[in-house]
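This is what each chain is made of:
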Amino acid sequence: MAIEQSATEERVAIVTGAARGIGAATAIRLAAEGRAVAVLDLDEAACKDTVEKITAAGGRALAVGADVSDEEQVTAAVARIAEELGAPTILVNNAGVLRDNLIFKMSVSDWDTVLNVHLRGAFLMSRAVQKHMVDAKFGRIVNLSSSSALGNRGQANYAAAKAGMQGLTKTLAIELGKFGVTVNAVAPGFIATDMTAATAARVGMGFEDFKAAAATQIPVARVGLPEDVGNAIAFFSGDAAGFVSGQVLYVAGGPLD
Ligand code: NAP
């Protein structure tokens, strides 16, 4: 499907962790709405597929390699995006990792890695990008939380990071609202990606069996797809969502709170 330029002004979006999974689907979805998209991930070469899908459909995209938990790399990446694509006014803090273990077996390094990528990464990216949003008097930040924010066995680090994303979201919404910047969180339940495939492997189950078992616990009777999350992010990042801020939307095929 060819990408048609939207009637609204072209905006530059950054999606972190966009080489695959939810981030890739979101980058493609935002590009389909006429956004120029910086596809940011740890390894620039790994972003090639997502960028090619966007450009093949007539969109504009840039592959950017950066570790979101590294202050210098974040500063350099945002400066490069502003120069090569334009000032970013949409930011999706999606990059993530898992280091699951029960608390008595969880190493300090497993704790730090997860908190650093999700929470410090979202802080560093938001701090670097907000200046462009404030200058433009328009901005949309969407943070990836998770149903695990409500507590999940074996995920003390991840649950703490994802609950932290909700506090970050509400606070940035309060601080940045007067500059035309909204900040919301999307909290997915079970989404079929490499991340959940890795969890299946860790618990010794085939991915198809793992998905089927998960689906029996989900009211809509299926697991989520990356595009399900991309749809919710597209709403929050759109011009029409300007009066919705500080919210957490569970995208989980059923109610959670
Ligand atoms: P995924 O398939 O594992 O993709 C995550 C991406 O983030 C990978 O491309 C990864 O790169 C990248 N990344 C990791 N550390 C990074 C860093 N320091 N800097 C930049 N990029 C980094 O995961 P996903 O399932 O799409 O999940 C995306 C987001 O949704 C995450 O925040 C996750 O916690 C959240 N979420 C997912 C689910 C689910 O069921 N899948 C549910 C709730 C929430 P590498 O490949 O190089 O590691």
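Going by an unreviewed UniProt entry, the protein chain carries the name 3-oxoacyl-ACP reductase FabG and comes from Streptantibioticus silvisoli. We quote the UniProt Sequence similarities (unreviewed entry) comment for the protein chain here in full: "Belongs to the short-chain dehydrogenases/reductases (SDR) family."

Looking now at the packing of aromatic side chains. Summed over the entire model, instances satisfying the criterion amount to two aromatic pairs. A centroid spacing of 5.6 Å and a plane angle of 55° characterise the contact between F190 and F210, whose relative ring orientation is tilted. You can see F190 sitting in the loop between β6 (181-188) and α6 (194-202) and its partner F210 sitting in helix α7 (residues 207-215), a full 20 residues away along the chain. Here F190 falls in the buried class, since its relative accessible area comes to 18%. Between F235 and F236, the aromatic rings sit 5.6 Å apart at their centres with planes inclined by 50°, giving tilted as the arrangement. Judged by relative accessible area, F236 falls into the buried class, the value being 4%. Taking NZ or CZ as reference, K211 lies 4.6 Å from the ring centre of F207, over its face.

As a further point, take the pairing of strand β5 (residues 139-144). The buried count for β5 comes to six of six residues, which makes it a mostly enclosed element. On β5, burial covers both faces: G139, I141 and N143 on one face and R140, V142 and L144 on the other are all buried. On the question of chirality, the crossover connecting strand β4 (residues 88-93) to the parallel β5 by way of helix α4 (residues 108-136) is right-handed. Of the pairings in the sheet, the one linking β5 to β6 comprises six bridges and is parallel in character. Considered in β6, the bridge of I141 is made with V183. Each parallel crossover has a hand, and the one from β5 via helix α5 (residues 156-176) to β6 is right-handed.

The UniProt record marks residues 11-189 with the feature "domain: Ketoreductase" (unreviewed entry), using the residue numbering of this structure. Measuring from the first to the last C-alpha atom of residues 11-189 gives 29 Å, for a span that is 47% helix and 20% strand.

Here we take up the pattern of salt bridges. A full pass over the atoms with the stated rule returns 13 salt bridges. Salt-bridge contacts for R35 lead to D239; the nearest nitrogen and oxygen are separated by 3.9 Å. One end of the pair, R35, is in the loop between α1 (21-32) and β2 (36-41); the other, D239, is in the loop between α8 (226-236) and β7 (248-251), and 204 residues separate them in sequence. Here E44 and R80 are joined by a salt bridge, their closest N and O atoms 3.3 Å apart. Residue E44 is located in the loop between β2 and α2 (48-56), and its partner R80 is located in helix α3 (residues 71-84); the two are separated by 36 residues in the primary sequence. Among the residues examined, E44 registers a relative accessible area of 38% and is labelled partly exposed. What you see here is one network of salt bridges that share partners, running through R11, R35 and D239.

Our focus in this paragraph is unusual backbone geometry. The phi angle at K137 is positive, at roughly 55°, despite the residue not being glycine. As for its position among the elements, K137 is in the loop between α4 and β5. Here K137 falls in the exposed class, since its relative accessible area comes to 64%.

On to the nonpolar core, then. Among the nonpolar cores identified, the biggest contains 30 residues, and I14, L40, I81 and M125 are the most heavily contacted of them. Elements with a contribution of two residues or more to this core: β1 (12-16), β2, β3 (61-65), α3, α4, α5 and β6. When neighbours within four sequence positions are excluded, L40 is seen to be in contact with I14, V15, T16, G17, A18, C47, V64, A66, V68, A77, I81 and M125. Core analysis: the second largest hydrophobic core is formed by 26 residues, A13, A18, I191 and A232 among them.

Conventions we followed
- Residues numbered from 1 in each chain as written.
- Predicted model: local features only at pLDDT ≥ 70, side-chain atom pairs only at ≥ 80, totals over all residues.
- Heavy atoms only, no water.
- UniProt positions renumbered as here; feature names shortened; annotations may be inferred.
- Phe/Tyr/Trp six-rings, centres within 6.5 Å; stacked < 30°, edge-to-face > 60°.
- Helix = DSSP H or I, 4+ residues; strand = E, 2+ residues; numbered from the N terminus.
- Buried < 20%, exposed > 50% of the residue type's maximum accessible area, 1.4 Å probe, protein only.
- Lys NZ or Arg CZ within 6 Å of the ring centre and 35° of its normal.
- Right-handed = clockwise from strand over helix to strand, strands pointing away.
- Pairing = 2+ DSSP bridges.
- Salt bridge = Lys/Arg side-chain N within 4 Å of Asp/Glu carboxyl O.
- Core = buried A, V, L, I, M, F, W, Y, C linked by side-chain atoms within 4.5 Å.
- Contact = heavy atoms within 4.5 Å.

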